[in-house]
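Listed below, chain by chain, are the residues.
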Amino acid sequence: MSEKRKITALIVDDSELMRAVLCAVLTQIDIEVIGQADNGRDVVDKAIALEPDMILLDVLMPEMNGYLALEEIVGRMHEPFVVMMTSVEDEEVIQSSNMAGAQDYMRKNQNVEDLAPRLIKHRDALLRLR
């Protein structure tokens, strides 16, 4: 019997606290965090090198914002699964995220309990595709 492969994730946020919270949530729902970055420039190289199944990408970051990083990632990776994150509540941000190639958008200022069910949905969808 083969062992079920875990979904892997790369967390990108300039807030160390947010990265820690996301890492804890992902670990709890059986997603392996294989890397972290605190700016948009670093995430491009890490995403290419690590090839995570899922990338949680902050919109507003130093050095390169999430949209520009997403464009580079989409251009250099085969079908990346990216969830954009921001504390900004703006329909334009959601539309821009989708147009840039993100599969989902999450508000960072929602309750931690609300993050897990959505991420579980993405985890299960990715497992079905594997």
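Before reading further, recall that the structure is shown in the block above.
Residues numbered from 1 in each chain as written. Predicted model: local features only at pLDDT ≥ 70, side-chain atom pairs only at ≥ 80, totals over all residues. Heavy atoms only, no water.

Q: What is the right way to look at the overall build of the protein in this model?
A: The secondary structure content of the protein amounts to 5 helices and 5 strands. Its C-alpha atoms give the protein a radius of gyration of 14 Å, near enough to 14 Å, the size a compact globule of 130 residues would have. Expressed as a percentage of contacts within the protein between residues at least 6 apart in sequence, the contacts between residues at least 24 apart total 61%. By element, 49% of the accessible surface of the protein is carried by carbon and sulfur atoms, the whole surface being about 7,200 Å². Positive and negative side-chain charges in the protein, numbering 14 and 24 respectively, have mean positions lying 6 Å apart. (Helix = DSSP H or I, 4+ residues; strand = E, 2+ residues; numbered from the N terminus. Rg over C-alpha atoms; globule rule 2.2 N^0.38 Å. Contact = heavy atoms within 4.5 Å. Areas by Shrake-Rupley, 256 points an atom, 1.4 Å probe, with all protein chains shown as cover. Lys, Arg positive; Asp, Glu negative; His and termini not counted. Charge placed at Lys NZ, Arg CZ, Asp CG, Glu CD.)

Q: Just checking my understanding: could you explain a negative patch on the surface for this structure?
A: Residues Asp-14, Asp-38, Asp-42, Asp-45 and Glu-63 make up a contiguous surface patch of negative charge. Relative to the assigned elements, Asp-45 resides in helix 2 (residues 40-50). (Patch = residues over 30% accessible without salt bridge, like charges linked within 9 Å, V, L, I, M, F, W, Y side chains within 5 Å. Salt bridge = Lys/Arg side-chain N within 4 Å of Asp/Glu carboxyl O.)

Q: When you look at the environment of Glu-51 in this model, what are you seeing that I'm missing?
A: Note that Glu-51 resides in the loop between helix 2 and strand 3 (54-58). When near neighbours in sequence (up to four residues on either side) are disregarded, Glu-51 contacts Thr-8, Lys-46 and Met-77.

Q: Explain the pattern of salt bridges here, please?
A: Pairing of side chains with opposite charge becomes possible as their charged atoms draw close. Under the criterion given, the structure shown has 7 salt bridges. A salt bridge links Glu-72 to Arg-76, with the nearest nitrogen and oxygen atoms 3.9 Å apart. Of this pair, Glu-72 and Arg-76 both sit in helix 3 (residues 66-76), 4 residues apart, which is roughly one turn of the helix. A relative accessible area of 48% means that Arg-76 is categorised as partly exposed. (Buried < 20%, exposed > 50% of the residue type's maximum accessible area, 1.4 Å probe, protein only.)

Q: Help me out: how do you make sense of the pairing of strand 3 in this one?
A: Two faces belong to every sheet, and in a regular strand the side chains alternate between them. Taking burial as the measure, the 5 residues of strand 3 include 5 buried ones, the bulk of the element. Burial along strand 3 is two-sided: Met-54, Leu-56 and Asp-58 facing one way and Ile-55 and Leu-57 facing the other are all buried. Here 4 bridges tie strand 1 (residues 7-12) to strand 3, and the two strands are oriented parallel to one another. When the sheet's bridge partners are listed, Leu-10 is paired in strand 3 with Ile-55. As paired strands, strand 3 and strand 4 (residues 82-86) are joined by 4 bridges and run parallel to one another. The residue of strand 4 that forms the bridge with Asp-58 is Met-85. (Pairing = 2+ DSSP bridges.)

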